[in-house]
Amino acid sequence: MATRVQGPAWAVEGLGVRAGKYPLAVEGPVMRAVDRLVPGVSTVTRYIRYHSLYAAIAAHAERKALDLVACRRLVRRCEVLMAALQRDAGTAEDTWFPHGVDRVRRFRAQELDLARAADEEDLNQSYSPRRWGFWDQYGGSATVLRTVEVRDGALRPGRHPCPAALRELFAPLLSLAERDVVPLDELDRAGQAALGVPSPAEQDWLTRVLTATDSGGRHAPRDWEASDRTRRAAFRILARAIVLHGRDGQDHQETLRSAVAFGQEVTTDPVLAAIPETAGWRGLLLRHYSVGAWRRLWAALVSSIGSKEGEADRTAQELRDWLAEQAPAGDVRGVLRDLPPLQGPGGVLLPAEQRLLETGDGGPMTDVRLLLVGALRSREGHLPDDVRAVFLGRQRRSAEFLDPTWVDGLIHDYGDRPVRDLAARLVDDMLAQSRRVALAKLRTDPATGGLKIFSRLHVRNERYFKTGDEGDADIGTRIPQLGFFGRQLGLFVVRDGCHIVTERGLGILEAGR
């Protein structure tokens with residue numbers, strides 16, 4: 001007699017599936033180090049003008065005693081107005097591309113339909129699907145900078161309130177925010193608040209806040225909090241790197257690598273050697289190579305797998321073979337001998353990682369070699385203790401899954417075995433780690449009553465299939481954002497493709513010559 005199981009009625013049948021972020025969970029050490037070393041700047045805070053806007057809104061909200069609902073309405077309307085002020089957004093230089101400009105354009109014809117653009121009832125049809133708009137991106141940084149505080153859910157001035165001259169700059173825009181429809185000629189009258197329009201008051205105020213200096217450009221450590229001093233150190237290190245290597249034609253991140261990650265300037269240069277945070281940046285930038293290698297290796301593995309429809313789904317053995325077949329002949333010790341030198345005379349760190357990326361074929365085995373370099377750098381004595389602590393970035397004393405000391409353990413176990421055996425083991429470790437991470441994120445879905453798993457890779461009948469490809473981009477270090485903030489503040493400039501620290505920047509950041 002057949003038995004049929006039905007229910008439970010309160011849950012939808014089957015497992016909910018969503019794409020997960022950080023499927024191998026290897027990014028934590030870099031992300032934590034970045035949080036410590038660049039407080040108040042994030043990868044999604046691009047423009048200083050928005051920091052000024054929110055500070056002006058906070059001052060206005062306090063003066064008008066606006067509550068949470070009224071404050072949120074004001075934030076959304078002001079963000080729409082900021083986007084609408086960019087007239088030629090379709091051809092505008094990327095440097096000044098307001099948040100939400102593409103979605104606001106359809107509400108801007110003969111006039112700006114501000115009420116519809118900022119509508120909170122149908123968020124998906126408005127300029128932003130997030131209830132607080134782009135404040136969600138800037139809010140964390142603004143509260144760390146203490147330009148804005150959140151009290152009972154509403155914005156209020158922080159320790160560094162918006163100065164009167166900036167409040168005056170935004171006054172026309174704040175006035176227009178009370179209107180449901182804004183004629184374009186009236187919108188133009190608020191154009192002084194648009195992105196790219198210089199404001200000496202803004203530049204002076206945010207230079208003081210971001211670089212922890214007084215109105216005369218002087219830094220008195222006792223007047224600032226620890227996060228302010230750490231952020232100032234990040235600006236100073238980048239400024240010094242630009243002084244030393246800015247004319248090499250590289251971007252800000254590679255310029256910082258040239259000065260800090262390798263060579264001996266961290267100990268011989270008088271400016272860099274005097275900044276304690278320099279050691280942390282060296283550890284972060286070195287670990288960044290290993291994290292990037294894992295992300296690319298995992299993305300390439302998932303890319304080789306088909307969908308749940310049965311197109312090129314793979315067994316675990318087929319996935320092992322995928323990487324093993326790309327491994328060179330010989331044993332692991334032979335690959336170690338062929339790596340570029342990691343150190344020069346006197347223990348100076350050499351750019352082995354850079355050489356691998358420049359000379360490799362860009363395939364998975366280049367990333368395997370980068371992991372081996374990271375493992376060798378993790379050994380005691382290779383890096384000074386303060387650098388090694390950030391490089392390892394441990395939350396516990398023992399090795400963590402897939403960290404450099406984990407890979408070093410594999411070198412010990414597989415040193416005399418064929419490289420293809422190590423390649424197969426790396427695949428097994430990635431599959432096991434992705435499963436651990438996915439199960440750790442398993443949640444109940446309130447909408448269905450069932451379980452939801454966050455992963456793009458799944459297994460059915462011992463065959464792996466994917467619901468989408470994984471990203472292989474490097475984790476952000478906030479160095480590009482730091483550099484762009486420096487340009488907006490007038491501390492850095494780009495001339496003839498080279499980065500330069502301005503005279504003002506040299507003085508405020510004490511970056512030497």
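All values derive from a computational prediction rather than experimental measurement. (Residues numbered from 1 in each chain as written. Predicted model: local features only at pLDDT ≥ 70, side-chain atom pairs only at ≥ 80, totals over all residues. Heavy atoms only, no water.)

Draft legend 1. Representation of the overall build of the protein chain within the structure. In terms of regular secondary structure, the protein chain is built from 23 helices and 11 strands. Its C-alpha atoms give the protein chain a radius of gyration of 26 Å, near enough to 24 Å, the size a compact globule of 513 residues would have. Sorting the 513 residues of the protein chain into buried and exposed places 53% on the buried side. Element-wise, carbon and sulfur atoms account for 48% of the exposed surface of the protein chain, whose accessible area totals about 23,700 Å². Each charge sign in the protein chain was given a centre, from 72 positive and 69 negative side chains, and these centres are 3 Å apart. (Helix = DSSP H or I, 4+ residues; strand = E, 2+ residues; numbered from the N terminus. Rg over C-alpha atoms; globule rule 2.2 N^0.38 Å. Buried < 20%, exposed > 50% of the residue type's maximum accessible area, 1.4 Å probe, protein only. Areas by Shrake-Rupley, 256 points an atom, 1.4 Å probe, with all protein chains shown as cover. Lys, Arg positive; Asp, Glu negative; His and termini not counted. Charge placed at Lys NZ, Arg CZ, Asp CG, Glu CD.)

Draft legend 2. Broad picture of the confidence of the model for the protein chain. Looking at the protein chain as a whole, the pLDDT averages 92, with 94% of positions reaching at least 70. Scored below 50 in pLDDT, residues 88–94 shows seven contacts in the model against residues more than four places distant or in partner chains. (pLDDT = per-residue confidence, 0-100. Contact = heavy atoms within 4.5 Å.)

Draft legend 3. The arrangement of unusual backbone geometry in detail. Despite not being glycine, tyrosine 22 has its phi angle at roughly 55°, a positive value. Positionally, tyrosine 22 belongs in the loop between β1 (16–18) and α1 (28–37). One non-glycine residue, alanine 65, lies in positive phi territory at about 55°. Secondary-structure assignment places alanine 65 in the loop between α2 (48–64) and α3 (68–84).

Draft legend 4. Representation of the nonpolar core in the model. Formed by 149 residues in total, the largest nonpolar core has its most connected members in Tyr54, Trp281 and Trp294. Element by element, the count of residues in this core is highest for helix α14 (residues 277–303), at 13 residues. Residue contacts for tryptophan 281: discarding those within four places in its chain leaves Leu37, Val38, Ala234, Ile237, Leu256, Val260, Thr477 and Ile479. (Core = buried A, V, L, I, M, F, W, Y, C linked by side-chain atoms within 4.5 Å.)

Draft legend 5. Local environment of the pairing of strand β7 (residues 451–454). Sheet analysis places β1 next to β7, joined by three bridges and oriented parallel. Bridge pairing in β7 links arginine 18 to phenylalanine 454. By the bridge criterion, two bridges tie strand β6 (residues 443–444) to β7 in an arrangement that is antiparallel. What sits directly across from arginine 443, in β7, is lysine 452. (Pairing = 2+ DSSP bridges.)

Draft legend 6. Layout of the packing of α3 against helix α7 (residues 164–176). Packing of α3 against α7 brings their axes to within 9 Å, and their N-to-C directions diverge by 110°. Classed by the angle they form, the pair α3 and α7 counts as roughly perpendicular. By crossing handedness, the relation of α3 to α7 is classed as right-handed. Along the contact surface, α3 presents Leu74, Cys78, Leu81 and Met82, while α7 presents Phe170, Leu173, Leu174 and Leu176. Of the residues in the contact of α3 with α7, the class split is eight nonpolar, no polar and no charged. (Axes fitted to C-alpha atoms, helices over the stretch in contact; angles between N-to-C directions. Parallel < 35°, antiparallel > 145°, perpendicular 65-115°, else oblique. Left-handed = near helix turned anticlockwise from the far one by under 90°. Nonpolar A, V, L, I, M, F, W, Y, C, P; charged D, E, K, R; others polar.)

Draft legend 7. Quick look at the state of the cysteines. If you walk through the whole model with that rule in mind, you get zero disulfides. Looking at cysteine 71, it has no disulfide partner, and the nearest cysteine sulfur is the one in cysteine 78, 9.5 Å off. The exposure class assigned to cysteine 71 is buried, which follows from its relative accessible area of 0%. (Disulfide = S-S within 2.5 Å.)

Draft legend 8. Up close: the packing of helix α10 (residues 226–245) against helix α11 (residues 252–261). Where α10 contacts α11, the axes come no closer than 8 Å and their chain directions differ by 85°. One finds that α10 runs roughly perpendicular with respect to α11. Facing α10, whose interface residues are Ile237, Leu238, Ala241, Ile242, Leu244 and His245, α11 presents His252, Thr255, Leu256, Ser258, Ala259 and Val260. Partitioned by chemical class, the residues of the contact of α10 with α11 number eight nonpolar, four polar and no charged.

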